[in-house]
Amino acid sequence: MTTAPSTEAVGGSVLTPEQIENLNAMVDRMQSSMNDMVEAARETALQIGQGSKTVVLTTNDLAAIAIGSVGAALLVDMLGGGGMATLAGAVAGGVGAHWLMTRDGPLFESPL
């Protein structure tokens, strides 16, 4: 027998339907952004592997990769990850930070 997920948060407060909808919308946007990032990384990796793309990294790109890698590795390590989890966090952080620095357009739309 399965039960519906509880809408109660820590401390006993209940999320309103509007808050749940906003939370779901935010999660959907984050998933979409992550999928875009993964697809861009996959395409670039394939192009580099096939020798059809030359990549030039600037000092800012290298700094973003380094800062993202270290930051994500520290975060994963502090959350209890170790070994491969920390290494995976470092890779994801480096790729994510580089993607954020080199993508076109704003990350979040600013309200009018």
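One can find the structure itself at the top, above this paragraph.
Here is a short report on the structure shown in this document. (Residues numbered from 1 in each chain as written. Predicted model: local features only at pLDDT ≥ 70, side-chain atom pairs only at ≥ 80, totals over all residues. Heavy atoms only, no water.)

### Focus: the overall build of the protein chain
Reasoning step 1: Secondary structure summary: the protein chain contains 3 helices and 0 strands in total.
Reasoning step 2: Going residue by residue from the N terminus, the α and β elements of the protein chain occur as α-α-α.
Reasoning step 3: Burial statistics for the protein chain: of 112 residues in total, 14% are counted as buried.
Reasoning step 4: Put simply, 49% of the contacts in the protein chain that link residues at least 6 apart link residues at least 24 apart.
Reasoning step 5: Carbon and sulfur atoms form 63% of the exposed surface of the protein chain, whose accessible area is close to 9,000 Å². (Helix = DSSP H or I, 4+ residues; strand = E, 2+ residues; numbered from the N terminus. Buried < 20%, exposed > 50% of the residue type's maximum accessible area, 1.4 Å probe, protein only. Contact = heavy atoms within 4.5 Å. Areas by Shrake-Rupley, 256 points an atom, 1.4 Å probe, with all protein chains shown as cover.)

### Points about the side chain of Ser69
Reasoning step 1: Topologically, Ser69 is positioned in helix H2 (residues 59-78).
Reasoning step 2: Looking at Ser69, its side chain comes within polar contact range of the main-chain oxygen of Ala90, at 3.1 Å.
Reasoning step 3: Residue contacts for Ser69: discarding those within four places in its chain leaves Ala90, Gly93 and Gly94. (Polar contact = N/O pair within 3.5 Å; in protein donor to acceptor, adjacent residues only side chain to side chain.)

### Digging into helix H1 (residues 17-49)
Reasoning step 1: Helix length check: H1 (33 residues) gives 47 Å between terminal C-alpha atoms against 48 Å at 1.5 Å per residue, within 8%.
Reasoning step 2: Of the residues one or two after H1, Gly51 is the one with positive phi, at around 75 degrees. (Expected span 1.5 Å × (residues − 1).)

### Comments concerning H2
Because an α-helix completes one turn every 3.6 residues, residues spaced three or four positions apart along the sequence face the same direction.
Reasoning step 1: Counted at 1.5 Å a residue, the expected span for H2 with its 20 residues is 28 Å, and the 28 Å between its end C-alpha atoms agrees.
Reasoning step 2: The set of residues buried in H2 consists of Asp61, Ala64, Gly68, Ser69, Ala72 and Ala73. Considered in projection along H2, the buried side chains sweep an arc of 145 degrees and stay on one side of the axis. Within H2, the exposed residues directed more than 90 degrees away from the buried face are Thr59, Asn60, Ile67, Val70, Leu74 and Met78.
Reasoning step 3: Buried residues along H2 sit against helix H3 (84-102).
Reasoning step 4: Two residues or fewer past H2, Gly80 is found with a positive phi of approximately 105 degrees. (Arc of directions from axis to C-beta.)

### Regarding the packing of H2 against H3
Reasoning step 1: The contact between H2 and H3 brings their axes to 6 Å, and the two run at 140 degrees. As H2 packs across H3, the resulting crossing turns out to be right-handed. Contact with H2, carried on its side by Asp61, Ala64, Ile65, Gly68, Ser69, Ala72, Ala73, Val76 and Asp77, involves Ala85, Thr86, Gly89, Ala90, Gly93, Gly94, Ala97, His98, Met101 and Thr102 of H3 and no other residues of that element.
Reasoning step 2: Within the contact of H2 with H3, the residues separate by chemical class into 9 nonpolar, 8 polar and 2 charged. (Axes fitted to C-alpha atoms, helices over the stretch in contact; angles between N-to-C directions. Left-handed = near helix turned anticlockwise from the far one by under 90°. Nonpolar A, V, L, I, M, F, W, Y, C, P; charged D, E, K, R; others polar.)

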